[in-house]
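Remarks on the overall topology
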Amino acid sequence: MTPEEKLTRELKELKRLTGISFSIDENETADTADIAEKIKLLSDAFREKNSRTAFFKKLLSGELEVSRIYEGASRLHLPVESPARIYVIETENVNDESALMVLRQIGAGRSQDHLVPMDGKRIAVIKSGRNNESEEDALMLAHMFVDMLNAEAMVRARCAFGECIPSLTAMPEAYREAGLALEVGRIFYTHETVMRAGRLGIGQLIYRLPEEVCRRFLKEVFPDRNPDNLDEETRNTVDAFFENNLNVSETARQLFIHRNTLVYRLEKLKSATGLDVRSFEDAMTYRIAAMVANFLNDRK
């Protein structure tokens, strides 16, 4: 494409976007390619200003003041007071185009909903709220997002969501809460692919504690040995024991081992840590200490 053809194309695009039209005097000696590039930048700026995706990205990132939120909503014909729920999806790749394509195919970006690629590995899905939508409906949808990305795009993903919010002005806080849920889940609940903001359990409490407090607690509980240093077999056994509500018989059945073998492993843990996880109080202490150890390792 010649510079003249490129300039003609950019002038047509500028007129389409803004309604502004002008012509270049053929007798002028200005650099045609340079003029075309500047007009393109002008068109791109106008397109971004009037893009709903760009608006929502700035809104969720907390870059817009309340007055600018109302101004942008008016310009883009968006209802300010409209219920919605925000899902934040985190993929294993930065700016994953295949993930965006799958989400579009399953209707994540329908007319009343908005699909917003955020910075890094996160994608926000803003779903228009419904009065009869329950938390279980939202949970099923979040699992569907994760399952479809895994099956169709071959992308490992996690998803977090919070409560239905009443308006645009509540979106930045809802996005932050969902992002926090992803972070807490990554550290403390590694086996979970879907997290609900507001239901993060003790992980959220530990996440907000000062690191020095966590170190002192860990040193008090395990003065000689960190639970993170236990062998993998012992850790897996304890994890299964907790998943089965401290039931020895059910844990042994799940692990395909004899009951006496399980008891031996638990005794081995008791010798190493001083905690008998068959006791509720010791089990709770061990569980919290293991989560604190994960938190400190992540901070390293």
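The present account deals with the structure reproduced in this document.

Scoring rules and cut-offs
Residues numbered from 1 in each chain as written. Predicted model: local features only at pLDDT ≥ 70, side-chain atom pairs only at ≥ 80, totals over all residues. Heavy atoms only, no water. Core = buried A, V, L, I, M, F, W, Y, C linked by side-chain atoms within 4.5 Å. Buried < 20%, exposed > 50% of the residue type's maximum accessible area, 1.4 Å probe, protein only. Helix = DSSP H or I, 4+ residues; strand = E, 2+ residues; numbered from the N terminus. Contact = heavy atoms within 4.5 Å. Pairing = 2+ DSSP bridges. Axes fitted to C-alpha atoms, helices over the stretch in contact; angles between N-to-C directions. Expected span 1.5 Å × (residues − 1). Arc of directions from axis to C-beta.

1. Comments concerning the nonpolar core
Counting residues in each nonpolar core, the largest one holds 58 residues, and the members touching the most others are Phe-55, Phe-56, Leu-168, Met-171 and Tyr-286. Per-element accounting of this core gives the leading share, 10 residues, to helix α7 (residues 171-188). Contacts of Leu-168, omitting those with residues within four sequence positions, involve Phe-55, Phe-56, Leu-59, Ile-69, Ala-73, Pro-79 and Val-80.

2. Section: the sheet that holds strand β2 (residues 114-117)
Read across the sheet, five strands follow the order β2-β3-β1-β4-β5 without closing on themselves; strand pairing throughout is mixed. Unpaired on one side and paired on the other, β2 and β5 (194-196) mark the two borders of the sheet. Between one strand and the next, the sheet's axes are offset by a mean angle of 20 degrees, whatever the strand orientation. As paired strands, β2 and strand β3 (residues 122-128) are joined by four bridges and run antiparallel to one another. Residue Leu-115 lies in a different strand from β3, and its bridge partner there is Val-125. The strands touched by helix α3 (residues 52-60) are β1 (84-91), β2 and β3; relative to β2, the strand with the most contacts, the crossing angle is about 65 degrees.

3. Focus on helix α12 (residues 259-273)
Relative to the 21 Å expected for 15 residues at 1.5 Å per residue, α12 spans 21 Å between its end C-alpha atoms, a close match to the ideal helical length. Of all the positions in α12, only Leu-262, Arg-265, Leu-266, Leu-269 and Thr-273 are classed as buried. Viewed end-on, α12 has its buried residues packed into an arc of 95 degrees, placing them on one side of the element. Exposed and facing more than 90 degrees away from the buried side of α12 are Asn-260, Tyr-264 and Ser-271. Summarising the contacts, the buried residues of α12 are in contact with α9 (211-221), α10 (232-243), α11 (248-255) and α13 (280-299). Phi turns positive one or two residues past the end of α12, at Gly-274, with a value near 85 degrees.

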